[in-house]
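Structural features, examined
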Amino acid sequence: VGNDVEEEEDVIVDQRRRWQYRRRKRSGGIGNGNNRSRQYQQRRVGQQHHHRRYRQPQKVVLRPNVISYNTVLSACQDSKEAMEILQEMRFSRRNRYSVVFPTGVTYTNAISICRRCNPPDLQTALSILNIATRDGVKIGLITYSAAIWTAERCGDYLAAISLLDDLIEAGIVPNSVTYDGVISACATGGRRVDALRLFEDMKRDGVTPTPVTYKSLTAAVMNSNTTFEEKTSVLEQIIINMDRSERHVKISGPIFESLIRTFGTNRQYKDARRVFNMIEGPTNAGCLSAVLYACSAANPSRWRDATDILHSSDIVAGASGPARIESLALSYAVIACARENEWKEALNLIDLYGLPNRIIPR
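Below is a summary of the structure that appears in this document. (Residues numbered from 1 in each chain as written. Predicted model: local features only at pLDDT ≥ 70, side-chain atom pairs only at ≥ 80, totals over all residues. Heavy atoms only, no water.)

1. Some details on the overall build of the chain
Where we set the bar: Secondary structure elements are defined from DSSP: runs of H or I of at least 4 residues count as helices, runs of E of at least 2 residues count as strands, and each element is numbered from the N terminus. Exposure classes here rest on a 1.4 Å probe applied to the protein chains alone. A residue is buried below 20% of its type maximum, exposed above 50%, and partly exposed in between. What makes two residues a contact is simply this: any of their non-hydrogen atoms within 4.5 Å. Note that accessible areas follow from Shrake-Rupley with a 1.4 Å probe, and for residues the cover is restricted to the protein chains shown.
A count of helical and extended segments in the chain gives 18 helices and zero strands. Counting over 362 residues, the chain shows a buried share of 41%. Contacts in the chain between residues far apart in sequence, at least 24 positions, make up 62% of those at least 6 positions apart. Accessible area for the chain stands at about 22,000 Å²; split by element, carbon and sulfur atoms hold 50% of it.

2. Comments concerning the nonpolar core
A general trend in soluble globular proteins is that nonpolar side chains are found buried together. Threshold: In this text, buried Ala, Val, Leu, Ile, Met, Phe, Trp, Tyr and Cys residues form a nonpolar core when linked through side-chain atoms within 4.5 Å.
Counting residues in each nonpolar core, the largest one holds 91 residues, and the members touching the most others are Ile238 and Leu292. If we skip the residues at most four places from it in the chain, Ile238 touches Leu196, Phe199, Tyr214, Leu217 and Ile255.

3. Some remarks on the packing of helix H12 (residues 228–240) against helix H13 (residues 249–265)
Two numbers describe a pair of packed helices, the interaxial angle and the distance between the axes. To be explicit about the condition: Angles shown run from 0 to 180 degrees and are taken between the N-to-C directions of axes, each axis being a line fitted to C-alpha atoms and, for helices, limited to the stretch in contact. Rotating anticlockwise by less than a right angle from the far helix to the near helix defines a left-handed crossing, while the corresponding clockwise rotation defines a right-handed one. Here the nonpolar group is Ala, Val, Leu, Ile, Met, Phe, Trp, Tyr, Cys and Pro; Asp, Glu, Lys and Arg are the charged ones; every other residue, Gly included, is treated as polar.
Two numbers describe how H12 lies on H13: the axes approach to 10 Å, and their chain directions differ by 145°. The handedness of the crossing between H12 and H13 comes out as left-handed. Facing Phe228, Thr232, Leu235, Glu236, Ile238 and Ile239 of H12, the residues of H13 in contact are Ile255, Phe256, Ser258, Leu259, Thr262 and Phe263. Among the residues forming the contact of H12 with H13, the class breakdown is eight nonpolar, three polar and one charged.

4. Some details on the environment of Thr283
With respect to the helices, strands and loops of the structure, Thr283 is situated in the loop between helix H14 (269–277) and helix H15 (285–297). If sequence neighbours within four positions are ignored, Thr283 has contacts with Val249, Phe276 and Leu288.

5. Side note on helix H8 (residues 157–169)
Definition in use: Expected span, for any helix, means 1.5 Å times one less than how many residues it has. N or O atoms within 3.5 Å of each other form a polar contact, as long as, within protein, one can give a hydrogen and the other can take it, and as long as residues adjacent in sequence are counted only when both atoms are side-chain atoms.
With 13 residues, H8 should cover 18 Å at 1.5 Å per step; its first-to-last C-alpha distance of 18 Å lies within 8% of that length. Listed as buried for H8 are Tyr157, Ala159, Ala160, Ile161, Leu163, Leu164 and Leu167. Tucked inside the fold, the buried residues of H8 contact helix H6 (122–134), helix H7 (141–154), helix H9 (176–188) and helix H10 (192–204). At the N-terminal boundary of H8, the capping side chain belongs to Asp156, with an oxygen 3.4 Å from the backbone nitrogen of Leu158. One or two residues past the end of H8 sits Gly171, with phi positive at roughly 85°.

6. Quick word on the pattern of salt bridges
Test applied: Each salt bridge in this description consists of a side-chain nitrogen of Lys or Arg and a carboxyl oxygen of Asp or Glu lying within 4 Å of one another.
For the coordinates displayed, the defined rule picks out eight salt bridges. Arg204 is the partner of Asp201 in a salt bridge, and the nearest nitrogen-oxygen pair spans 2.7 Å. Of this pair, Asp201 and Arg204 both sit in helix H10, three residues apart, which is roughly one turn of that helix. Looking at Arg204, the relative accessible area reads 60%, which means it is exposed.

7. Considering the packing of aromatic side chains
What describes a pair of aromatic rings is the distance from one ring centre to the other and the angle between the planes of the rings. Put simply, the test is: Between the rings of Phe, Tyr and Trp (Trp by its six-membered ring), a pair exists once the centres lie within 6.5 Å; its type follows the angle of the planes, with under 30 degrees stacked, over 60 edge-to-face, and the other angles tilted.
Under the defined criterion, the tally for this structure stands at three aromatic pairs. For the pair Tyr293 and Tyr332, a centre-to-centre distance of 5.3 Å together with 65° between the ring planes defines the contact as edge-to-face. Taken together, the residues Tyr293 in helix H15 and Tyr332 in helix H17 (residues 327–339) connect sequence positions 39 residues apart. Judged by its relative accessible area of 22%, Tyr293 falls in the partly exposed class. Tyr332 sits in the buried class, given a relative accessible area of 15%.

8. Structural notes on the packing of H17 against helix H18 (residues 343–353)
Applied cut-off: Put simply, angles under 35 degrees are roughly parallel, angles over 145 are roughly antiparallel, angles from 65 to 115 are roughly perpendicular, and the rest are oblique.
One can describe the packing of H17 onto H18 by two numbers: an axis separation of 8 Å at closest approach and a directional angle of 165°. The angle between the axes of H17 and H18 places the two elements in the roughly antiparallel class. Considering only the axes of H17 and H18, their crossing is left-handed. Across the interface between the two elements, Leu330, Ala333, Val334, Cys337 and Ala338 of H17 pack against Trp343, Glu345, Ala346, Leu349, Ile350 and Tyr353 of H18. Split into classes, the residues belonging to the contact of H17 with H18 amount to ten nonpolar, no polar and one charged.

9. Overview of unusual backbone geometry
For the bond from Asn118 to Pro119, the omega torsion is 0°, close enough to zero to count as cis. Counting through the fold element by element, Pro119 comes out in the loop between helix H5 (104–116) and H6. For the bond from Asn299 to Pro300, the omega torsion is -5°, close enough to zero to count as cis. Summarising the element assignment, Pro300 is placed in the loop between H15 and helix H16 (303–312). A positive phi angle is found at Arg267, which is not glycine, with a value near 60°. When you line up the elements, Arg267 lands in the loop between H13 and H14. Looking at Arg267, the relative accessible area reads 55%, which means it is exposed.

10. Looking at the side chain of Arg247
Worth spelling out the cut-off: The charged-residue count follows a simple rule in which Lys and Arg add positive charge and Asp and Glu add negative charge, with His and chain termini not counted at all.
Mapped onto the secondary structure, Arg247 falls in the loop between H12 and H13. One buried charged residue, Arg247, remains without a salt bridge, the closest side chain of opposite sign being Glu280 at 4.9 Å. Reaching out from Arg247, the side chain makes a polar contact with the backbone oxygen of Ile240 at a distance of 3.2 Å. If sequence neighbours within four positions are ignored, Arg247 has contacts with Ile239, Ile240, Met242, Ser252, Phe256, Met278, Ile279 and Glu280.

11. Here we look at the side chain of Ser289
Relative to the assigned elements, Ser289 resides in helix H15. Looking at Ser289, the relative accessible area reads 4%, which means it is buried. At 2.9 Å, the side chain of Ser289 and the backbone oxygen of Ala285 are in polar contact. Setting aside residues no more than four positions away along its own chain, Ser289 makes contact with Arg261, Glu326, Leu328, Ala329 and Tyr332.

Take a look at the structure:
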C-alpha cells in the first residue's frame, strides 16, 4: 500500500510540473531561447514608448521652391538682383536635392521689375526674354505685355513694335493691354502714323479700345508735326467712326476733351459745341470744363450758352465742388459772363455752385 501511495504522489508531481511548464511556455518565459516573462516584456514596451515620445526631433532641411523664388522676385526693386535670382534658379538643376525650374510667372515677375526700377532697364528685360526662349519656357501674353510696357516706359517704340511682331508670329493674340503699351510708346515717340495703324489693327482684331487707348492715340496725334487742320480732322474722324456705345466719356473721354479744348483754343466755338453734342450720356468734369472754356474764349463770349450748359449738366462724376460741379468749369462760366459785363449772372453762378462764405479760405 505504501508503494502505491508513493507512486500516486509522483504522478501528481509530474502533472503539476507539466502544467507549470506549459504555462511558462505560453507566457514566453521559456522556449526559443527567450527567458523573459510577459511582465518583463510589457515593462520593456512601456520604456520604448516613453523614449519614443520624448526623443529629440530630427532636423528637417527646408529648401525654397518656385513659389518662394517668385515671392522674392516680386519684392525686388533692382533689375540686377532679379537677374541674380533668376540665374540661381536656372543653375539649381546642378543640385540634385533642390532643383527649381523657373516658370513663365518667374520670367514675368523679373521683367516687371525691369519696368518698375528707376531708371527702367530695357536691355535686361530683353535678355530675360531671350533666356526664357533658350530654356524652352512657353512665353505667354502676360510676359510679352510686361516687356512691351518696359519698352514704353523707356520711350523705345521700335522695341515695342518688334515685341508685338514677335508675339503675333508666336501665334498669340494680343489684347487691349498689349496694344495700349505699343500705342503709348508710339505716342511718346511722336509716331502718329504707326499709332493710327496699330489702332486700326486693334479694331480689326476685335479688341475693344480702352480709355488708355484713346488717351495715347490723342497724344500721338497732338504731338505729331502736322497742321492744326490735320490734327483736328484725324481726331474727329476717329469719333465719327466710333459706335454709339463707345461715345461715352468713360471710354472715349480723353479724345473728346482734347478735341473740344483744341477748338476752343482756336476760338472755334461752333466746332467745339458740335463735338460736345456728339457725347452719348452724361459728361464728365474734363469735357464740361473744355466746352465752358470754349464759351469763355469765343469772341464774343457765349455766356448764355455757358450758363445753360452749366445748369443742364448732370451730376459730374469726379467733381469736387459742393454741387458736384468742377471749380474749374465754374470759373470758365463766370469768366464768360464777366467778359460781357453780366456780373449779376456771374454772382448767381457763384452763389449756386461756389463755396459758401463760411468755408472760403481767409
